[in-house]
Structure formats: structure tokens, C-alpha cells
Amino acid sequence: MLKFHKEGSKIIMIACAIVVAIILAADSLLINRAAIMSVQIVSLVFLILVLQFFRNPNRNTQISDKQIIAPVDGKVVVIEEVFEPEYFKDKRLMVSIFMSPINVHVTRYAMNGIVKYSKYHPGKYLVAWHPKASEENERTTVVIENEVFGEVMYRQIAGALARRIVNYAKEGTRVIQGEDAGFIKFGSRVDLYLPLGTVVDVKLNQKAKGGITVIAKK
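Residues numbered from 1 in each chain as written. Predicted model: local features only at pLDDT ≥ 70, side-chain atom pairs only at ≥ 80, totals over all residues. Heavy atoms only, no water.

**With respect to the side chain of Ser 43**
Put simply, the rule is: Numbering of helices and strands runs from the N terminus, with a helix taken as a DSSP run of H or I at least four residues long and a strand as a DSSP run of E at least two residues long. Whether two residues are in contact is decided by their heavy atoms: any pair within 4.5 Å suffices.
Mapped onto the elements, Ser 43 comes out in helix H2 (residues 33–53). Among residues more than four places away in sequence, those in contact with Ser 43 are Val 19, Ile 22 and Ile 23.

**Considerations on a nonpolar patch on the surface**
What counts here: Residues qualify for a patch when their relative accessible area is over 30% and they have no salt bridge, like charges being joined within 9 Å and the nonpolar side chains of Val, Leu, Ile, Met, Phe, Trp and Tyr within 5 Å. Only the protein chains shown count as cover for residues, and the accessible areas themselves come from Shrake-Rupley with a 1.4 Å probe. Here, a salt bridge means any Lys or Arg side-chain nitrogen found within 4 Å of an Asp or Glu carboxyl oxygen.
A cluster of nonpolar side chains, namely Met 37, Ile 41, Val 45 and Leu 49, defines an oily patch on the protein surface of about 350 Å² accessible area. Relative to the elements of secondary structure, Leu 49 occurs in helix H2.

**Some points on the pairing of strand E5 (residues 113–121)**
Going by this rule: Strand pairing is assigned whenever DSSP identifies at least 2 bridges connecting the two strands.
Bridge count between E5 and strand E9 (residues 174–175): two bridges; the pairing is antiparallel. In the sheet register, Gly 113 faces E9, and the bridge partner there is Val 175. Judged from the seven bridges that link them, E5 and strand E6 (residues 139–146) form a sheet pairing that is antiparallel. Across the sheet, the residue bridging to Ser 118 is Val 142, located in E6.

**What to know about the UniProt feature "transmembrane region" (unreviewed entry) in the protein chain**
Just so we agree on the cut-off: UniProt positions are given in the numbering used here, feature names are shortened, and annotations may be inferred rather than shown by experiment.
Under the present numbering, the feature "transmembrane region" (unreviewed entry) in UniProt falls on residues 12–31 and 37–54. As annotated, residues 37–54 has a helix share of 94% and a strand share of 0%, and its two end C-alpha atoms lie 26 Å apart.

**Some remarks on the packing of aromatic side chains**
Cut-off, in case you're wondering: When the centres of two rings from Phe, Tyr and Trp lie within 6.5 Å, Trp using its six-membered ring, the rings pair. Their planes under 30 degrees apart give stacked, over 60 give edge-to-face, and anything left gives tilted. We call a residue buried when its accessible area falls under 20% of the maximum for its residue type, exposed when it is over 50%, and partly exposed in between, using a 1.4 Å probe and counting protein chains only.
Tallying each qualifying case throughout the model produces three aromatic pairs. Aromatic side chains Tyr 87 and Tyr 117 sit 5.0 Å apart centroid to centroid with 45° between the ring planes, which places their arrangement in the tilted category. Residue Tyr 87 is located in the loop between strand E2 (74–84) and strand E3 (90–99), and its partner Tyr 117 is located in strand E5; the two are separated by 30 residues in the primary sequence. In this structure Tyr 87 comes out as partly exposed when scored by relative accessible area, which is 25%.

**What to know about the nonpolar core**
Put simply, the rule reads: What we call a nonpolar core is a set of buried Ala, Val, Leu, Ile, Met, Phe, Trp, Tyr and Cys residues that are connected through their side-chain atoms within 4.5 Å.
One finds Ile 68, Ile 144, Tyr 154, Leu 192, Leu 194 and Ile 215 to be the most contacted residues of the largest nonpolar core, which totals 30 residues. Looking at this core, the element that brings in the most residues is E3, giving four residues. Look past the residues within four positions of Ile 215 in its chain and what remains in contact with it is Ile 68, Ile 69, Ala 70, Val 95, Ile 97, Leu 192, Leu 194, Val 199, Val 200, Asp 201 and Val 202.

**Some details on H2**
This is how the line gets drawn: Take the number of residues in a helix, subtract one, and multiply by 1.5 Å to get its expected span.
Its 21 residues place the ends of H2 30 Å apart at the C-alpha level, agreeing with the 30 Å of an ideal helix rising 1.5 Å per residue. Among all positions of H2, only Ile 36, Gln 40, Ser 43, Leu 47, Val 50, Gln 52 and Phe 53 are buried. The secondary structure elements touched by the buried residues of H2 are helix H1 (9–29) and strand E10 (180–185).

**Some points on the packing of H1 against H2**
The criterion, for reference: Helix axes are fitted to C-alpha atoms over the stretch in contact, other axes to C-alpha atoms as well, and angles between N-to-C directions run from 0 to 180 degrees. Each angle gets one of four labels, with under 35 degrees taken as roughly parallel, over 145 as roughly antiparallel, 65 to 115 as roughly perpendicular, and the rest as oblique. In this count, Pro and Cys sit with the nonpolar residues alongside Ala, Val, Leu, Ile, Met, Phe, Trp and Tyr, while Asp, Glu, Lys and Arg are called charged and the others, Gly among them, polar.
Look at H1 against H2: their axes get within 9 Å of each other, and the N-to-C directions meet at 175°. In terms of orientation, H1 lies roughly antiparallel with respect to H2. Here Ile 11, Ile 12, Ala 15, Cys 16, Val 19, Ile 22, Ile 23, Ala 26 and Asp 27 of H1 lie close against H2, whose contacting residues are Arg 33, Ile 36, Val 39, Gln 40, Ser 43, Leu 44, Phe 46, Leu 47, Val 50 and Leu 51. Looking at the contact of H1 with H2 residue by residue, the class counts come to 15 nonpolar, two polar and two charged.

**Observations concerning the pairing of E3**
With seven of its 10 residues buried, E3 lies for the most part within the structure. Relative to E3, E2 runs antiparallel, the two being bridged by nine bridges. Directly across from Lys 75, in E3, lies its bridge partner Phe 98. In this structure, the hairpin formed by E2 and E3 is closed by a connection of five residues, where Lys 89 is found at a positive phi of approximately 60°. Looking at chain direction, E3 and strand E11 (residues 188–194) are connected through seven bridges and run antiparallel. By the bridge assignment for E11, Ile 97 is matched with Val 190.

**Structural notes on the sheet that holds E5**
Within a sheet, adjacent strands bond to each other through the backbone by hydrogen bonds, running parallel or antiparallel. If you walk across this open sheet you meet the eight strands as E9-E5-E6-E7-E11-E3-E2-E12, and the pairing is antiparallel. With one partner strand each, in any of the chains shown, E9 and strand E12 (207–208) form the two edges of the open sheet. Pairing of strand E7 (residues 150–158) with E11, which is carried by six bridges, proceeds in the antiparallel orientation. Paired with Ile 157 across the two strands is Arg 189, which belongs to E11.

Printed below as a string of C-alpha cells:
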């Protein structure tokens, strides 16, 4: 059964109302049958795009403290050592997953553990692949700790189209791998910051599936 994320409820209802109004108006105001059909088809395509964006498929996560899973659907675009200035203030191994507008945009917890840090940062809306997007765009930073990997950070980053980031992680709470951690509306990326020396199980340009694809394991 197709499910939709709760963050899309209001937008889906508005989209449905708009589409119904357009279809009825076209049928009443337009005489040319081809024009009526064109307007109705375009309206339905728009509604389908909205529905597919907010879909929230069930994922059968194989929960394990010894692995880190992809927090989102998308393509792995970066695997490199970087300096992380906000929380760790040292070098980390960053794995970045880019989401296109057609990907599922649910963010899932990448591992089991305790939320040590959770902070929202207002910012710009540079394209998600811009080198400065992770530091200058609107974003949330979350750090989770467990006994196997220690502290691992993930960062939800807004893009040129994304205008709202939803983050459910609260400091001090225990979270379960694969569960709903938030949502990014209309495309962006998520960066994972892992301890140096972590063996990564994904490759550049590989497609990742949130809650399923193993990013790293011990």
C-alpha cells in the first residue's frame, strides 16, 4: 500500500483542491475538447509529481549496531576526508548523498544510538552540489553516538529548490536505525561524517536506498 509522509499532508490536500478546481473550471469555461483534455492532463501530471515526492515506502531495515546505513535515497557523490568545523573540529570521512526531486525524501536514522547534538542553521539556498553548500545553506546538524562507531554526524542540507528541512532528532533521546528522522522538501543532500579509518562499503556514483544500503560496517 502506498503511504505518504505526514509532512506532505497539507501540500497534498492543497494540490488536490487546486487540481480539482482546474479540471472543473476547464470543463466549464473551455469549448475546445482538445484544450480541455490538455489542461486536465497537465493538472493530473502535477498532482502525480506531488504525490510521488511525498511517498514514504516501508523499508525493512536490518538493524545492527555494527553498521551504518544510508539515511536517504540518492546517489553517492562525495567520499573524502574533510575538516568538520562545527562539532568535531577535526578531520572526518565524509560520505555525501545527493537527492534529486524524484527520490524519496524521508531522512532515516543511519545508526542506533543517543542523539548528542541537534542544531538548525538558517542559511542560503545554493545548489546542493555547490562546494560551500554544507557550510552556507540552510541545514541541520545531528550527532548520534553508540559504542561501536562512537560519534557519527549527519547533516541535512537544503538546495536551490528545498525550502524547508524537518528534523525530529532531539538531544538526549535514543534513536533506532532506519526510523523516521525527518524530511527535506524538494531536493537536496545529506552528508555523513564518519570517524577516520572507517571502511566504507559504497562507491562514488552508486545509488543508495535509505534504510537499506549499508554505508559502512565493523
